Amino acid sequence: MKKVILHIDSAGEHREVTLKDEVSVGRTDLAAVVLPDSGLSRVNTTFFREGDQIFVVDENSTNGTFLNGEQIFSTPRRLS
């Protein structure tokens, strides 16, 4: 399985997270990756993999999740 590293920039903070199967991002400990960003929902976005394909999905967040400037919703979008 190909190694995937997520580079996350938020509120002046940079993190690198290795994606194994699934990782959620949000502002509370309900998410796997917690960021101190009031613009995020408790659980905002989830990244997951199916084989070598990587997907992102919005978790019905208040402010949304954007991919390349386009808002995505609860339907997973494949990343390349």
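All figures in this text were calculated on a predicted structure; none of them were measured in a lab. (Residues numbered from 1 in each chain as written. Predicted model: local features only at pLDDT ≥ 70, side-chain atom pairs only at ≥ 80, totals over all residues. Heavy atoms only, no water.)

A. Representation of unusual backbone geometry. With phi around 55°, Asn60 is a residue other than glycine that occupies positive phi space. In this structure, Asn60 sits in the loop between strand 6 (53–58) and strand 7 (65–67). The exposure class of Asn60 is exposed, given its relative accessible area of 67%. Positive phi, normally seen in glycine, also occurs at Asn68, with a value near 55°. Of note, Asn68 is situated in the loop between strand 7 and strand 8 (70–72). A relative accessible area of 79% places Asn68 in the exposed class. (Helix = DSSP H or I, 4+ residues; strand = E, 2+ residues; numbered from the N terminus. Buried < 20%, exposed > 50% of the residue type's maximum accessible area, 1.4 Å probe, protein only.)

B. Layout of the side chain of Thr28. With respect to the element layout, Thr28 can be found in the loop between strand 3 (22–26) and strand 4 (33–34). For Thr28, the residues in contact, after removing those within four places along its chain, are Val34 and Arg42. (Contact = heavy atoms within 4.5 Å.)

C. Inspection of the packing of aromatic side chains at higher detail. Summed over the entire model, instances satisfying the criterion amount to 1 aromatic pair. With a centroid separation of 5.3 Å and an interplanar angle of 15°, the aromatic rings of Phe48 and Phe55 are classed as stacked. This pair shows no difference in class: Phe48 is buried, exactly as Phe55 is. (Phe/Tyr/Trp six-rings, centres within 6.5 Å; stacked < 30°, edge-to-face > 60°.)

D. Inspection of the pattern of salt bridges at higher detail. This structure, assessed with the given rule, holds 2 salt bridges. A salt bridge links Glu13 to Arg15; the shortest N-O distance between them is 2.6 Å. Using a relative accessible area of 25% as the deciding quantity, one classes Glu13 as partly exposed. Overall, the relative accessible area of 27% leaves Arg15 in the partly exposed class. Arg77 is the salt-bridge partner of Glu70, the closest N and O atoms lying 3.2 Å from each other. You can call Glu70 partly exposed: its relative accessible area is 43%. (Salt bridge = Lys/Arg side-chain N within 4 Å of Asp/Glu carboxyl O.)

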